[in-house]
Amino acid sequence: MNYTLSSKPITDIKADCLTVALPEKGNWPTSTTQADQALGGLITALHKNGDATGKNATTSLVPLTDQPWNRLLIIGTGTDSDRSPANYRKALIAAAGQIKDGPSKHVLMALSDTALIGTDAAVSEESKLNLIGRILEDQSYRFSGFKSEKLTERKLGKVTVSATATGKGLKDAFNLGLATGRGMNLTKDLGNTPPNVCHPAWLAEQAEKLAKDHDVIKTEILDEKQMKKLGMHSLLSVSAGSAQPAKLIVMEYRGGKSDDKPYVLVGKGITFDTGGISLKPGEAMDEMKYDMGGAAAVFGAMQVVAETRPKMNVVAVIAAAENMPSGTATRPGDIVTSMSGQTIEILNTDAEGRLVLCDALTYVKKFDPETVVDMATLTGACIIALGSHATGLFSNNDALANDLLAAGESAGDRAWRLPIWDEYQSLLDSNFADMQNIGGRAAGSITAACFLSRFTKDYRWAHLDIAGTAWNSGKAKGSTGRPVPMLVDYLMSNAGK
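Given the structure is predicted, the values throughout are model-derived calculations rather than measurements.

Caption draft 1: Summary view of the overall build of the chain. When helices and strands are tallied, the chain shows 16 helices and 19 strands. The C-alpha radius of gyration of the chain comes to 24 Å, within 12% of the 23 Å expected for a compact globule of 497 residues. Taken along the three principal axes of its C-alpha coordinates, the chain extends 80 × 50 × 45 Å. Burial statistics for the chain: of 497 residues in total, 56% are counted as buried. Put simply, 77% of the contacts in the chain that link residues at least 6 apart link residues at least 24 apart. Side-chain charges of the chain comprise 52 positive and 55 negative groups, with the mean position of each set lying 4 Å from the other.

Caption draft 2: Spatial organisation of the layout of surface pockets. As a volume, the second largest pocket reaches approximately 840 Å³. If you trace the second largest pocket, you find 35 residues lining it, with Lys280, Asp350, Thr379, Gly380 and Ala381 closest to the centre. Broken down by secondary-structure element, the contributors of at least two residues to the lining of the second largest pocket are strand E9 (263-273), helix H11 (353-363), helix H12 (380-386), helix H15 (444-453) and strand E18 (471-472). Residue composition of the lining of the second largest pocket, by class: 11 nonpolar, 14 polar and 10 charged.

Caption draft 3: Fine view of the sheet that holds strand E2 (residues 15-22). The mixed open sheet is built from six strands, whose spatial order is E1-E6-E5-E2-E4-E3. Where the open sheet ends on each side, the last strands, each with one partner, are strand E1 (2-6) and strand E3 (59-63). Direction aside, neighbouring strands of the sheet carry axes that sit 20 degrees apart on average. Bridging between E2 and strand E4 (residues 69-76) involves seven bridges; their strand directions are parallel.

Caption draft 4: Focus on the environment of phenylalanine 299. When you line up the elements, phenylalanine 299 lands in helix H10 (residues 293-308). Judged by its relative accessible area of 1%, phenylalanine 299 is buried. Spatially, the C-alpha atom of phenylalanine 299 lies 27 Å from that of alanine 94, the residues being 205 residues apart in sequence. In contact with phenylalanine 299, other than residues within four places in its own chain, are Leu186, Leu190, Leu203, Gln206, Ala207, Leu210, Met251 and Ile318.

About the criteria used
- Residues numbered from 1 in each chain as written.
- Predicted model: local features only at pLDDT ≥ 70, side-chain atom pairs only at ≥ 80, totals over all residues.
- Heavy atoms only, no water.
- Helix = DSSP H or I, 4+ residues; strand = E, 2+ residues; numbered from the N terminus.
- Rg over C-alpha atoms; globule rule 2.2 N^0.38 Å.
- Buried < 20%, exposed > 50% of the residue type's maximum accessible area, 1.4 Å probe, protein only.
- Contact = heavy atoms within 4.5 Å.
- Lys, Arg positive; Asp, Glu negative; His and termini not counted.
- Charge placed at Lys NZ, Arg CZ, Asp CG, Glu CD.
- 1 Å grid on protein atoms, 1.4 Å probe; cavity = no way out; pocket = protein on both sides within 12 Å on 5 of 7 lines; lining within 4 Å.
- Points joined across faces, edges and corners; volume = space filled by probe spheres on them.
- Nonpolar A, V, L, I, M, F, W, Y, C, P; charged D, E, K, R; others polar.
- Pairing = 2+ DSSP bridges.
- Axes fitted to C-alpha atoms, helices over the stretch in contact; angles between N-to-C directions.

Here is the structure:
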């Protein structure tokens, strides 16, 4: 797809389709007024007659003749009082949904001058162009590599986005949005790939490919022999029942000064989770291919970093394993020693994500990190608590937690903070080891985070439980690409510091 940012008057740009914003009430954007004048008051008439209501995220497609454009797509943006960044995002998704499979080869999108309500940063033209770029890439996503009949090729080949100027700041914002959308699509590709293809070794190959495609990324893959030598017996206990060996994938980007501490991302990469000996129910078990959603999000964020090359150091670590039942699988009641030296009584082999993460979180201390953020489809309890709208956020540092919450709000990829108070730690007490890997039914997401917190005392750390946000079920089944937008916003807000 060819994306272009243009500050020319929209009447000087020929395209197959012009897309403009129409409020339900209130002042019109300048571009809409210009289009209405060029079309002899057509938009005014459509609005007055109710053919284009302006209600948020509604669409009206009108054929044109003898104009610079062959058709007009009107996107409703609601009233002045409800024109928030979140509703604007819904309108952009509606617009992208109309154009991606439509008859137009070239679309002129004049939506960035829509007036929004919110903080200055959230309603700036840079922010809107960033979001437009992200939505265009995100909504263009298709996953068809395993279908015998190939999808019909889309006609759309070019999108010109209208802006007040084309200076570096606006271009950078738009390009970052496009890169974020591509990062989300990589995350979706990895998540949607079936588990007979996507296993730990295949994930390691994708990291090597990322390094080959982007020379600013350096990749190292640790095998089970190396992990055993490091004492990662907790991680290795998860892969013990699988024919697929575990991998620890390390990706490094060094765009800052040599002595700048890196921002570290850690991803849970369980490429398929049967539950092990604590076998899951069969219903919807196919969705456990998404249990590597944390790893997939790390990949997506690292691709954005590689494309945009911010002035900072970023390290990604992915703990990849497959959790299977077999004669060699870990049993409930087994005790293992983690890389930290702490012993763990494994009461439930289906609480395996924390077992791979704890060794990865110990490993990353070697990088002397500025901050560490891990992400994992960790607990079903988080879905019960927050549903599919918000990611669960836990942290041992208030400033880091607030930064991530702010990034989520800014990117429209929101999180909600939950506690990891000391009072919950006793639920992990074991009679036979330093801790057990589950804390019972009560506060399941919290006790999982409390478990991880025992391995993160030497640095500022946050945990993102994305069990409810990493993928959709039902008719719209598929990876969502979250929390890549939040991660990108967080990283870019710290670039150059």
